[in-house]
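# Coordinates in review
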Amino acid sequence: MVTAAEPLTKQAKASAVPKIKGAIVRDSLRSVRRRGGDAELGRIINRLHGDVKKVFEGPIYPWEWYSLDAFTDFLEADILETAGGNAEVLIARAEKVIESQLRGVYRIFVKLGSPGYVVKRIASVHQTYFDGSQIIPEVDDDSRATIKYIGFKGRHRILEYTIIGFYRKALEISGAKKVDVHFSVPMSDDQDYSEVTVTWA
C-alpha cells in the first residue's frame, strides 16, 4: 500500500489498479440488508453483470482487496434501484453508517482532536481503505483543509458522496460548526488527482 510518505511515481500511477478493502464492501452490503433486506440486495446485485456480479454473489472477506471499479458499479446499481439515480442520497446514508463508527472505534480521535487533526486522521483512515492510491491532507489554517485523492478517476465519481458524508459527519461530531465539504477538483475531471476542500467555523 502506498502511504503519504511514499508518493506515487508516474509509472506507479499508470500501473496502479485501485482496490478497496473487503471490510468496506461488507459494511455496504450489511447497510443495504438493514435498509431493505435480502430482497433489496438481490435486486441491486441483479443489476450487475459478468465478473462484477460474481463478486457480489460470492462471500466477501474483510481482509481481502476488491476492485474499486466493481464497488462503484455496485453503488451505482444501488442508487438506480433505491433512489431513482439520485446519488446525493449517498451522503446521508454514509453519514448514518459513519456516525456509528465514529461513536465506536474512532470515537477518541474525533472527540479529542481539533477539526484539523480530525481531517488528518480521517485521511489516514481512508488510506487504509484503498490500495493503489494515495491520500494527502493539508490543513492550511484553523478553519480550512484540502485533501488530495490520487489514483481515483471519473468512473469512481460516485465515491465523492460517501467521502463528503464521512468528513462532514466526523467534523460535526467533533464540534465544528458551519462545516462545508465539497470536491474542488472532482473525480469526474479525470485529472492526476481529485481534491476535497473542507471548511469549518
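Remember, predicted model here, so these are calculated numbers, not experimental data.

Before going further, it helps to spend a moment on the overall build of the chain. Looking only at helices and strands, the chain features 8 helices and 7 strands. Per-residue burial over the chain gives 45% buried out of 201 residues. Sequence-distant contacts, at least 24 apart, represent 66% of the contacts inside the chain between residues at least 6 apart. Here the chain has roughly 10100 Å² of accessible surface; of this, 50% comes from carbon and sulfur atoms.

It is worth spelling out helix H2 (residues 22-46) at this point. Helix length check: H2 (25 residues) gives 20 Å between terminal C-alpha atoms against 36 Å at 1.5 Å per residue, more than 12% under. Three or more residues of H2 are buried, namely Gly22, Ile24, Val25, Ser28, Leu29, Ser31, Val32, Glu40, Leu41, Ile44 and Ile45.

Attention shifts here to the pattern of salt bridges. Inspection of every chain in the model, using the stated rule, returns 11 salt bridges. Note that Glu40 and Arg35 form a salt bridge whose closest N and O atoms lie 3.1 Å from each other. Among the residues examined, Arg35 registers a relative accessible area of 34% and is labelled partly exposed. Residues Arg47 and Glu81 are paired through a salt bridge, measuring 2.9 Å at the closest nitrogen-oxygen approach. Taken together, the residues Arg47 in the loop between H2 and helix H3 (50-57) and Glu81 in helix H4 (residues 68-83) connect sequence positions 34 residues apart. On the basis of relative accessible area, Glu81 is assigned to the partly exposed category, the value being 25%.

Within the largest apolar cluster, 54 residues are counted, with the highest numbers of intra-cluster contacts made by Phe56, Phe74, Ile147, Leu159 and Tyr167. Top contributing element to this core by residue count: H4, with 8 residues. Not counting the four nearest positions on each side in its chain, Ile147 is found in contact with Val119, Ala123, Ile135, Ile136, Pro137, Tyr167, Ser194, Glu195, Val196 and Val198.

Calculation criteria
- Position numbers for residues start from 1 in each chain and track the written sequence from start to end.
- The predicted nature of this model means local features are confined to residues of pLDDT at least 70 and side-chain atom pairs, given and counted, to a pLDDT of 80 or more, with totals for whole chains, interfaces and linings taken over all residues.
- Note that the side-chain values use all heavy atoms of the structure and ignore hydrogens as well as water.
- The helix count covers DSSP runs of H or I at least four residues long, the strand count covers runs of E at least two residues long, and both are numbered beginning at the N terminus.
- Exposure categories follow from relative accessible area, calculated using a 1.4 Å probe and restricted to protein chains: below 20% of the type maximum is buried, above 50% is exposed, and the middle band is partly exposed.
- It only takes one pair of heavy atoms within 4.5 Å for two residues to be counted as in contact.
- Surface accessibility in these figures is a Shrake-Rupley result with a 1.4 Å probe; residues are shielded only by whichever protein chains are displayed.
- An expected span of 1.5 Å times one less than the residue number is assigned to each helix.
- A carboxyl oxygen of Asp or Glu within 4 Å of a side-chain nitrogen of Lys or Arg is what we treat as a salt bridge.
- In this text, buried Ala, Val, Leu, Ile, Met, Phe, Trp, Tyr and Cys residues form a nonpolar core when linked through side-chain atoms within 4.5 Å.

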